[in-house]
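Chain and residue survey
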Amino acid sequence: MISNNLNNLLSLAPFSLAHSEKEVILNKALISLTKHHIENCIEYEKITNFINLDLNKIFNYVDLPFLPVRLFKQFELLSVPKSQIIKTMTSSGTTGQSLSKIFLDRSTSTFQIKVLTKIVSSLIGNQRLPMVVIDSPDVIGDRSKFSARGAGIIGFSMFGNDRIFCLNSDMSLNIDLFIQYLSKHKNSKILLFGFTYIVWLHFYQELINRNISLDLSNCILIHGGGWKKLLIDKNINAFDFKRQLYDICGIRNVYDYYGMVEQTGTINIECSEGFLHPSIFSDIIIRDPFDFSVVENGKIGLIEVVSILPYSYPGHILLTEDEGIIYGVDNCKCGKLGKYFKVLGRVKNAEKRGCSDTYVS
Amino acid sequence: MQKNADAATLMLVNNPLVEVHSSSDFNEDALFSASVLSPFSIAVIDLLSTISAKIIRNKLITLYPDVLYFAFWCSRKNLTKLASTYQAGSNRFGRGVIFHIAPSNVPINFAFSMVAGLLAGNVNIIRLPSSNFPQVQIICDAVVEALDMPEHKLLRNQLLLIRYPHNKSITDYLSKKCNVRIIWGGDNAINEIRNSPLSPNSFDITFADRYSICIINSAFYLSYQNKAKIAKDFYNDTYLLDQNACSSPHLIIWVGNDSDTCLAKNVFWSYLHNLLLEKYSLSPINAINKLSDSYFSAINLKDSHLVKAEDNLIIRISIDKLFEGIENFKSSCGFFYEFNAVNISELSSIVNSKYQTITYLGFDYDYFNLFINNFIPKGIDRIVPIGKALDFNLTWDGFDLITSLSRIIHFDAFE
């Protein structure tokens, strides 16, 4: 039943549903998924019992319980028999101490790929493009433990042909390789992909320092990973980023995306107006940390992400540790329908808890 | 920093918080040849009462009830009272140099440690918490001013307040040179610091991770007039330090019949909630932490239920059974397990050596005495009224600090 729904949606343009229409679909899908996870994931059932959830009283996905993303580091959460799992995504947290484990069965994995393709195609078209990853090949070297960076690269690589990495192991820019590649594919659009901070530090800064000017007007840059580091370390915001990249290499098509390993497939992509958009397969809610109520548009709060894809694991409704703002619904000047938002960054970390922080690494 | 300056002058010349960068910053002569005193010496009592007076005059004091409490504790009146209960033995003196490592969760803890060390007659090097607590600054300012006064000149070498980021070589140096090392938790810090060896003649006093609870007599609570005061007292035991102190309760046990308990809970938490709306600010990360911790408990514990609340200020988890290991499920910033008991003896199944403080309302000495003598619990160091969880006592976690930090020169007569 769920796959029928999904297949129908896959035939639509990924940002073409007004919120009120989307809501009907999301309500049905998310309530149904919640039932499924209660019936098939013991830990999820324990949580719903713990909070005394009565699904009979719930009609809107806004009232469904949200799991803190952290839980996927602490528990192995599955909603299908383990034998049906074909892929396990893992992603270390920022401290590198524990791994989120996301279990995918065939159908969840397939749909994640289809949805990701649908969304990314709206940016790059329907063909695979020659692809340059702005990172070092070492980042996907150790397959047993990808960082979030590695996971993103693997995910996006399916849109690329003849993929190269343009940074060396020491993160220096292999400019010769890059120029060669540009020349080899001079008649094609080229997809550049990288982690926001890495693109800035090891690509943009390098071009500036070495006084290299390139013509990348036929390239599309998709980047993710957040702005916090750039803002804090270099005082560069999204506007500066795009502007300065354009100045150095004429690249116009620069798109940020917001996604996470706990909900792959349903990424949120940046539009021409600088806002992030969830597709018809997912949505964003902003909650007040004081009482988790939904805040009004324009106000900051914690980002909750909902997605109709997570079937083999209870990741359909998650509370992230990021803060964001929803700016409006259905009226973004870029033409995409649905909500549109910005991510401000990670929640400010608490002082470490317990008796002494001095020696806990 | 002047390398060869008198160690205590290091503190005075700069700012009360001396930043130490290497072990060569210490003036060995000044520090390690300073004299020890007898416990409760007049000079130390004089110094502490000066410090007390200075703190009380600080305008910021009303914001920090913990600092105010410290100041009253160090008043001449209180110290004289303590001195009189202490049995002076002849030829008892401080042990030498005490290296104190303060915890980061309770700002004033370093000060009590310092005072215990001073009262026992020692030279004290105190490593301050890494966070910038205002309480620490207020106390350090008062200490520096007091030591600067001519009447306290003799004690200038008794005290050095230092701060340094993680630096094993400094910790190694001080550990090797001290006579006693006092480590105020937690377990991880103690294990880490124990990588720095002591010299053979020295020993550790450690205060490891502890667990505390609160027990309330429902009927007594309902009949108690000043419920706002109880809320305030409970707040001081818990939210004042984000529930991070070892003495802060994480499990609340209600004793009484069902209807009294049901009503008492509603009233108690309601009073507390009103106080929190006024005084406490829950940061977003702590809201997430509490949600995560509550779901962690939901998965791991049987028979636990989240009590519905209108906001995230107070997270209450009601449990149907007391279970061993409950101390492993604590959180902070307002996260409580609740259990209805018929009698305190039900605790006997779960109390272990981690249990430190029981705060209570509505019971008397006999009630606890019966429990203690019938069950001889493996833990519990103190039983105090709600509001006094953070009160300091020179006997702490079972250590009599004055006798532990001093030594006797024993004399046998010739027959």
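The structure reproduced in this document is the subject of the present report. (Residues numbered from 1 in each chain as written. Chains lettered and ligands numbered in written order. Predicted model: local features only at pLDDT ≥ 70, side-chain atom pairs only at ≥ 80, totals over all residues. Heavy atoms only, no water.)

Quick notes on the interface of chain A and chain B
Put simply, an interface is often sized by how much accessible area is lost when its parts join up. Put simply, the test is: Residues are treated as being in contact if the distance between any of their heavy atoms lies within 4.5 Å. By buried area we mean the combined loss of accessible area, with a 1.4 Å probe, across both parts when two parts are placed together. A 3.5 Å cut-off defines polar contacts: any pair of N or O atoms within that distance qualifies, except that in protein one atom must be a possible hydrogen donor and the other a possible acceptor, and neighbouring residues in sequence count only when both atoms are side-chain atoms. Comment: elements are numbered from the N terminus, with helices defined as DSSP H or I runs of at least four residues and strands as E runs of at least two. Ten residue types, Ala, Val, Leu, Ile, Met, Phe, Trp, Tyr, Cys and Pro, are classed as nonpolar, four, Asp, Glu, Lys and Arg, as charged, and the remainder, Gly among them, as polar.
Chain A puts 36 residues into the contact, and the matching count from chain B is 45 residues. Of the roughly 3,500 Å² buried between chain A and chain B on both sides combined, carbon and sulfur atoms contribute 63%. For the pair chain A and chain B, the number of links is 6 residue pairs in polar contact (both at pLDDT 80 or more). Contributing elements (two or more residues each) for the side of chain A that touches chain B: helix H3 (42–50), strand S1 (67–68), helix H4 (71–74) and strand S13 (317–329) of chain A. With 5 residues, the single largest contributor to the side of chain A that touches chain B is H3 of chain A. Classifying every residue of the side of chain A that touches chain B by side-chain character gives 18 nonpolar, 8 polar and 10 charged.

Focus: the sheet that holds strand S9 (residues 249–255) of chain B
Residue and element names in this part refer to chain B. To keep it simple, the criterion reads: Between any two strands, at least two bridges found by DSSP are needed for them to pair. Axis lines are fitted to C-alpha atoms, over the contacting stretch for helices. Their N-to-C directions set the angle, which ranges from 0 to 180 degrees.
Judged by pairing direction, the sheet is mixed, and its 7 strands sit side by side in the order S10-S11-S12-S9-S8-S13-S14 without closing on themselves. Either end of the sheet is taken by a strand with one partner, and the two such strands are strand S10 (304–306) and strand S14 (382–385). Sheet twist, expressed as the average angle between the axes of neighbouring strands with direction ignored, equals 25°. As judged from the 4 bridges shared by strand S11 (residues 315–319) and strand S12 (residues 335–341), these two strands associate in the parallel manner. Residue pairing across strands places Arg316 opposite Phe336, the latter belonging to S12. Contacting S10, S11 and S12, helix H13 (residues 284–300) runs over the sheet at an angle of about 40° to S12.

So, unusual backbone geometry
Residues apart from glycine generally show negative phi values, whereas peptide bonds are mostly found in trans. To keep it simple, the criterion reads: Categorising residues by exposure relies on relative accessible area from a 1.4 Å probe, with only protein chains included: less than 20% of the type maximum marks a residue as buried, more than 50% marks it as exposed, and the intermediate range marks it as partly exposed.
At Asn211 of chain A, a residue that is not glycine, the phi angle is positive and equals roughly 55°. Secondary-structure assignment places Asn211 of chain A in the loop between helix H8 (196–209) and strand S7 (219–224). According to the relative accessible area criterion, Asn211 of chain A is exposed, its value standing at 71%. Of note, the phi angle at Phe40 of chain B is positive, near 55°, even though the residue is not glycine. Its location among the elements puts Phe40 of chain B in the loop between helix H2 (28–32) and helix H3 (42–57).

Considerations on the packing of H8 of chain A against helix H10 (residues 238–249) of chain A
Residue and element names in this part refer to chain A. Threshold: Handedness of a helix crossing follows the sense of rotation of the near helix relative to the far helix, less than a right angle counterclockwise being left-handed and clockwise being right-handed.
Packing of H8 against H10 brings their axes to within 11 Å, and their N-to-C directions diverge by 35°. By crossing handedness, the relation of H8 to H10 is classed as left-handed. Contacts between H8 and H10 involve Thr196, Val199, Trp200, Tyr204, Leu207 and Ile208 on the former and, on the latter, Phe241, Gln244, Leu245 and Ile248. Split by residue class, the contact of H8 with H10 holds 8 nonpolar, 2 polar and no charged.

Some thoughts on the pattern of salt bridges
Note the threshold: Salt bridges are defined as contacts in which a side-chain nitrogen from Lys or Arg sits within 4 Å of a carboxyl oxygen from Asp or Glu.
For the coordinates displayed, the defined rule picks out 26 salt bridges over all chains. One salt bridge connects Arg181 of chain B with Asp204 of chain B, and the closest N-O pair in it is separated by 2.6 Å. In this pair, Arg181 of chain B sits in strand S6 (residues 180–184) while Asp204 of chain B sits in strand S7 (residues 203–207), placing the two residues 23 residues apart along the sequence. Taken together, the shared-partner salt bridges connect Lys22, Asp283 and Lys339 of chain A into one network.

Describing helix H6 (residues 109–119) of chain B
Residues and elements named next belong to chain B. The buried fraction of H6 amounts to 11 of the 11 residues, a majority that puts the element mostly inside the structure. Within H6 the residues assigned to the buried category are Asn109, Phe110, Ala111, Phe112, Ser113, Met114, Val115, Ala116, Gly117, Leu118 and Leu119. Positive backbone phi, approximately 100°, marks Gly121, located one or two places after H6.

Digging into the environment of Asn91 of chain B
Residue and element names in this part refer to chain B. Tracing the backbone through its elements, the reader meets Asn91 in the loop between helix H5 (76–85) and strand S2 (92–94). Measuring from C-alpha to C-alpha, the distance between Asn91 and Asp187 comes to 35 Å, with 96 residues separating the pair along the chain. Look past the residues within four positions of Asn91 in its chain and what remains in contact with it is Arg407, Ile408 and Ile409.

Some points on the side chain of His277 of chain A
Mapped onto the fold, His277 of chain A is located in strand S10 (residues 276–277). Among all residues touching His277 of chain A, those that are not within four sequence positions of it are Phe15, Ile267, Asn268, Ile269, Cys271, Cys332, Cys334, Lys336, Leu337, Lys339, Tyr340 and Phe341 of chain A.

Some points on empty space enclosed by the protein
Applied cut-off: The definitions used throughout rest on a 1 Å grid laid over the protein atoms alone, on which a cavity is an enclosed set of points accommodating a 1.4 Å probe that cannot get out and a pocket is an open set flanked by protein within 12 Å on both sides along at least five of seven lines; lining residues are those having an atom within 4 Å of a point. Grid points are joined across faces, edges and corners, and a volume is the space filled by probe spheres set on the points.
Inspection of every chain in the model, using the stated rule, returns 3 cavities of 30 Å³ or more. As a volume, the largest cavity reaches approximately 280 Å³. Lining the largest cavity are 22 residues; nearest its centre among them are Val106, Asn109, Trp184, Ser247 and Trp396 of chain B. In terms of residue class, the lining of the largest cavity is made up of 14 nonpolar, 5 polar and 3 charged. Roughly 60 Å³ of internal volume is contained in the second largest cavity. In this structure, the second largest cavity is lined by Tyr258, Gly259, Met260, Gln263, Thr266, Asn268, Ser282, Asp283, Ile284, Val305 and Val306 of chain A. Those elements giving two or more residues to the lining of the second largest cavity turn out to be strand S11 (282–287) and strand S12 (300–307) of chain A. Considering every element that reaches the lining of the second largest cavity, the biggest residue donor is S11 of chain A, with 3 residues. When the residues that make up the lining of the second largest cavity are grouped by side-chain class, the tally is 5 nonpolar, 5 polar and 1 charged.

Some points on the nonpolar core
Keep this limit in mind: Throughout, nonpolar core names a set of buried Ala, Val, Leu, Ile, Met, Phe, Trp, Tyr and Cys residues whose side chains join them through atoms within 4.5 Å.
The biggest cluster of nonpolar side chains holds 138 residues, and the ones touching the most others in it are Ile222 of chain A together with Leu251, Ile253 and Leu347 of chain B. Sequence-distant contacts of Ile222 of chain A, that is, excluding residues within four places in its chain, are made with Val120, Leu123, Ile124, Phe156, Leu191, Leu192, Phe193, Gly194, Tyr255 and Tyr257 of chain A. Listed in part, the 58 residues of the second largest apolar core include Trp73, Phe110, Leu147 and Ile182 of chain B.

So, the sheet that holds S6 of chain B
Residues and elements named next belong to chain B. What the 6 strands build is an open sheet, ordered S1-S5-S4-S3-S6-S7; its pairing is parallel. Every interior strand has two partners, whereas the edge strands, strand S1 (18–19) and S7, have only one. Pairing of strand S3 (residues 97–101) with strand S4 (residues 123–127), which is carried by 5 bridges, proceeds in the parallel orientation. Residue Phe99 lies in a different strand from S4, and its bridge partner there is Ile125. Sheet strands in contact with H6 are S3, S4, strand S5 (159–163) and S6, and its direction is about 165° off that of S4.

Description of the environment of Ile280 of chain A
Residues and elements named next belong to chain A. With respect to the helices, strands and loops of the structure, Ile280 is situated in the loop between S10 and S11. Along the chain, Ile280 and Gly324 lie 44 residues apart, while their C-alpha atoms are 19 Å from each other. Residues contacting Ile280, with those up to four places away along its chain left out, are Leu9, Leu12, Ala13, Pro14, Phe15, Ser16, Leu17, Lys22 and Leu26.

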